[in-house]
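# Overview (structure and organization)
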Amino acid sequence: MANIDYKALSELLFPDVTRTPEDLEIQFPLRNLPEGAAVTRFAPSPTGFIHFGNLFAVITAERLAHQSGGVFYLRIEDTDAKREVPGAVETVIELLEQFGIRFDEGAVLDGDVGDYGPYRQRSRVDIYHVIAKHLVAEGHAYPCFCTEEDLSRIRAQQEAEKATTGYYGKWAICRDLPLEEIKVQLDAQKPYVLRFRSTGSIENKVFHRDLVKGELQLTENDIDHVLLKSDGIPTYHFAHVVDDHFMRTTHVVRGDEWLSTLPFHLQVFDTLKWRRPKYLHISPLMKKDGDSKRKLSKRKDPESSLSYYREAGYPVQAVYEYVLNTLNSNYEQWRQANPTAPPTDFKFSVKKMSSSGALFDIDKLRDISKNVVAAMDAETVHRHLSEWAKDYAPELYRFITENREEAIAALSIGRGGKKPRKDAVVWSDFKTLMSFFCDEQFRPEYEYPEHMGKEEIIRILTEYSDMYDPNDDNTVWFGKVRELASQHGYCPDMKTYRQDPSCYKGHVGDVSMVLRVAVCGCQQTPDLCEMMRVMGPEMVHNRISAAIDHLRGENK
Ligand code: GLU
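Residues numbered from 1 in each chain as written. Predicted model: local features only at pLDDT ≥ 70, side-chain atom pairs only at ≥ 80, totals over all residues. Heavy atoms only, no water.

## Concerning the packing of helix 8 (residues 236-246) against helix 9 (residues 262-271)
Here is the rule we go by: Lines fitted to C-alpha atoms define the axes here, with helix axes fitted over just the stretch in contact, and angles between the N-to-C directions of these axes take values from 0 to 180 degrees. Think of it this way: any DSSP run of H or I at least four residues long counts as a helix, any run of E at least two long counts as a strand, and we number them from the N terminus. Should an angle fall under 35 degrees it is taken as roughly parallel, and over 145 as roughly antiparallel, whereas 65 to 115 is taken as roughly perpendicular and any remaining angle as oblique. Should the near helix be turned anticlockwise from the far one by less than a right angle, the crossing is left-handed, and should it be turned clockwise, the crossing is right-handed. Here a residue-residue contact requires only that any non-hydrogen atoms of the pair lie within 4.5 Å. For this classification, Asp, Glu, Lys and Arg are treated as charged, while Ala, Val, Leu, Ile, Met, Phe, Trp, Tyr, Cys and Pro are nonpolar and the rest, including Gly, are polar.
With their axes 10 Å apart at the nearest point, helix 8 and helix 9 run at an angle of 50° to one another. For the element pair helix 8 / helix 9, the angle class is oblique. For helix 8 against helix 9, the interelement crossing comes out right-handed. For the pair helix 8 and helix 9, the contacting residues are Y236, H237, H240, V241 and H245 in the first and F264, H265, V268 and F269 in the second. Residues that form the contact of helix 8 with helix 9 fall into these classes: five nonpolar, four polar and no charged.

What follows is the structure, given as structure tokens:
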């Protein structure tokens with residue numbers, strides 16, 4: 001280290017900074033939380049895009065905090081203005097809210113909530129400068145006036161000498177500039193960055209126990225990384241250390257792309273004599289691609305975006321449970337034993353997390369979603385379906401909100417009981433069900449059993465129309481269909497039919513299929529008797545007449 005007056009240098013660089021790290025320690029005191037309470041955060045850059053993989057880190061962090069009586073907060077990492085998309089902060093906040101993620105403090109739609117803010121990094125510049133000034137005064141940071149050209153020249157020389165590239169050791173030419181020289185550069189208004197003066201060596205190892213990756217031996221950092229860019233805005237590395245220290249984060253949950261620079265982060269914590277947080281580095285979400293695996297890609301895979309799941313109509317709870325299930329493999333067993341408990345009752349454990357990347361499994365998500373929807377009562381389905389349809393299916397939204405009672409009655413069909421219906425995975429699957437009850441959306445496909453003649457079908461429908469009584473209960477209803485079947489030479493029960501099919505024209509199922517196709521316009525529907533009950537006599541009669549007209553029309 002050159003023999004220069006670092007204190008004087010710090011005053012020269014930061015004449016307006018009057019506060020000290022101690023002042024900040026007082027302003028942001030240790031949090032008054034119960035022993036073992038975790039303070040975690042989600043710290044997205046405002047690009048407007050949230051990768052589905054982020055949700056794994058978000059839910060891990062959220063569970064750690066809320067399960068321990070701690071704090072989960074949202075910090076906006078907006079130091080890179082180039083990547084910022086207008087409205088992105090709002091998108092992030094709203095999207096996470098839609099996925100049931102609750103922050104205790106941090107950035108909110110109209111500002112910040114909490115005592116540890118500001119929670120947007122560009123509003124924290126004065127805080128970074130206090131620490132930067134302190135690092136300079138202690139000889140741990142220095143201004144670097146190298147231009148892009150200087151850096152390229154250094155790199156070219158390093159390549160020629162087969163040396164490792166980077167700004168370090170003898171290559172770090174601004175490291176020991178005399179104070180006088182620095183003054184000259186500053187007076188000439190030359191732009192500069194502030195660099196960390198690394199005392200590390202690649203010969204040394206840093207020990208790190210990651211809560212997900214396990215025990216790691218990493219190479220010590222010897223690079224004089226940039227702390228403040230030439231506009232005074234910090235790099236991610238510096239902001240991370242300062243923010244997570246003063247926001248009193250206990251656990252940093254983030255993508256494992258940051259593992260390579262972790263030695264530098266640890267070095268800055270140590271240099272400042274700050275306690276290192278615990279880290280959980282999460283591997284990227286993988287996807288099967290033929291026989292191999294690759295990262296779920298923003299460019300190639302629409303399902304890489306969190307917003308995709310909302311648009312596609314996956315219930316929030318299904319997505320949440322899918323993530324928990326993937327993070328902790330014992331979740332599934334717990335869910336079976338506790339079918340109605342809220343997912344937050346599950347004891348999430350970091351120890352159960354796998355250190356390698358989870359494989360994205362849409363079938364699993366669909367399976368979970370099917371069960372989540374099946375477990376909801378009709379009112380709940382109606383509520384969620386309306387929320388979704390409002391944005392993505394306006395016609396459906398209008399129908400189910402204008403005909404609320406009827407929609408709920410329709411949604412009740414086959415719901416509850418020991419064997420609830422499991423034919424809906426996403427909200428859009430209810431479009432078909434609802435179209436049965438909505439004349440405007442009714443698009444019948446009259447496909448009757450092939451072996452039945454048109455005249456016979458017309459007779460069956462006409463007779464049924466006369467015998468149909470909306471007050472019949474299920475038993476009477478089915479009794480009438482059987483009777484009708486018998487009258488037309490169709491076996492009234494399947495067992496007898498199977499014993500000697502040749503004695504009959506067909507079976508009761510053929511007759512109920514005729515009714516189903518006429519009334520619902522398709523061959524697959526929930527319980528027909530229930531469907532008719534919800535439709536009511538007027539609709540049933542109209543549908544049957546329309547079906548007969550259609551058959552007659554075809555006969556001409
Ligand atoms: N802004 C960083 C990112 O989006 C956050 C990493 C972290 O959580 O520290 O990758």
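Further notes follow.
## Focus: the pairing of strand 6 (residues 193-196)
The criterion, for reference: Relative accessibility under 20% of the residue-type maximum defines a buried residue, over 50% an exposed one, and the middle range a partly exposed one, all with a 1.4 Å probe and only protein chains included. A strand pair is defined by DSSP finding two or more bridges across the two strands.
Every second residue of strand 6 is oriented toward a common face, with V193 and R195 on one face and L194 and F196 on the other, all of them buried. Sheet analysis places strand 5 (residues 141-144) next to strand 6, joined by four bridges and oriented antiparallel. Paired with Y142 across the bridge in strand 6 is R195. Bridge count between strand 6 and strand 9 (residues 226-228): two bridges; the pairing is antiparallel. Along strand 9, the bridge assignment pairs R195 with V226.

## Some words on the pattern of salt bridges
Operational definition: A pairing counts as a salt bridge when a side-chain nitrogen of Lys or Arg comes within 4 Å of a carboxyl oxygen of Asp or Glu.
The full count for this structure, using the stated rule, is 37 salt bridges. Here R41 ties to D244 by a salt bridge, and the two come within 2.9 Å at their closest N and O atoms. Pair noted here: R41 is in strand 1 (residues 39-42) and D244 is in helix 8, with a separation of 203 residues, a long-range link. Grouping residues by exposure puts R41 and D244 together as buried. Note that E303 and K287 form a salt bridge whose closest N and O atoms lie 2.5 Å from each other.

## Describing helix 14 (residues 378-392)
Selection rule: By this rule the span expected of a helix is its residue count minus one, scaled by 1.5 Å.
A rise of 1.5 Å per residue sets the reference length of helix 14, with its 15 residues, at 21 Å; its end C-alpha atoms lie 20 Å apart and thus fit the reference within 8%. Every buried residue belonging to helix 14 is among A378, T380, V381, H382, L385, S386, W388 and A389, and all of these are buried. On its buried face, helix 14 sits against helix 10 (306-311), helix 13 (362-374), helix 15 (394-402), helix 16 (404-412) and helix 17 (430-435).

## Here we look at the nonpolar core
Cut-off, in case you're wondering: Only buried residues count toward a nonpolar core. Its members are Ala, Val, Leu, Ile, Met, Phe, Trp, Tyr and Cys residues joined through side-chain atoms within 4.5 Å.
F52, F437, Y448, L461 and Y464 are the most contacted members of the largest nonpolar core, which has 112 residues in total. A per-element tally of this core places helix 3 (residues 52-67) first, with nine residues. With sequence-adjacent residues up to four places away left out, F52 is seen in contact with L285, E303, S304, S305, L306, Y309, V319, Y322, V323 and F360.

## Thoughts on the pairing of strand 1
Worth spelling out the cut-off: Whether a crossover is right-handed depends on one test, that the path from the first strand over the helix to the second runs clockwise when the strands point away from the viewer.
Of the two faces of strand 1, the one carrying V39 and R41 and the one carrying T40 and F42 are both buried. Pairing of strand 1 with strand 2 (residues 71-74) involves four bridges; the strand directions are parallel. Across the sheet, the residue bridging to T40 is F72, located in strand 2. For the segment spanning strand 1, helix 3 and strand 2, crossover handedness is right-handed.

## A closer look at the packing of aromatic side chains
Aromatic rings considered in pairs are described by the distance between their centres and by the relative angle of their planes. To keep it simple, the criterion reads: Ring geometry is summarised as follows: Phe, Tyr and Trp rings, the Trp one being its six-membered ring, pair when their centres sit within 6.5 Å, and such pairs are stacked at plane angles under 30 degrees, edge-to-face over 60 and tilted between the two.
A complete count under the given rule lists 25 aromatic pairs for this structure. When the centroid spacing of 6.3 Å and the interplanar angle of 10° are considered together, the rings of F52 and Y322 count as stacked. Separated by 270 residues along the polypeptide, F52 in helix 3 and Y322 in helix 11 (residues 316-327) bring together distant segments of the chain. Taking relative accessible area as the criterion, F52 reaches 0% and is therefore assigned buried. Taken together, the ring pairs in this structure connect F52, F56, Y308, Y309, Y314, Y322 and F360 into an aromatic cluster.

## Examining the site of the ligand
Put simply, the rule is: For this purpose, a residue is taken to be near a molecule or strand whenever a single non-hydrogen atom of the residue falls within 4 Å of it. Here a polar contact is recorded for every N or O atom pair within 3.5 Å, except that within protein the pair must consist of a potential hydrogen donor and a potential acceptor, and residues adjacent in sequence are included only if both atoms are side-chain atoms.
Inspection of the region around the ligand gives R41, A43, S45, E77, Y236, V253, R254 and W258 as its neighbouring residues. Backbone polar atom of A43 to a nitrogen atom of the ligand: 2.8 Å apart, as the coordinates give it. For the ligand, an oxygen atom lies 3.4 Å from a polar atom in the side chain of W258. Residue classes in the shell around the ligand are distributed as four nonpolar, one polar and three charged.

## Digging into the side chain of K133
For K133, the position within the fold is in helix 5 (residues 125-137). Excluding residues within four positions of it along the chain, K133 makes contact with S10, E11, F14 and V17.

## Some points on the sheet that holds strand 5
Sheet strands pair by backbone hydrogen bonding; their relative direction is either parallel or antiparallel. Strand order in this open sheet of three strands is 5-6-9, and the pairing throughout is antiparallel. If you trace the sheet from one side to the other, it starts and ends with strand 5 and strand 9, each paired once. Ignoring strand direction, the axes of neighbouring strands in this sheet form an average angle of 45°.

Shape descriptors only; they carry no functional weight alone.
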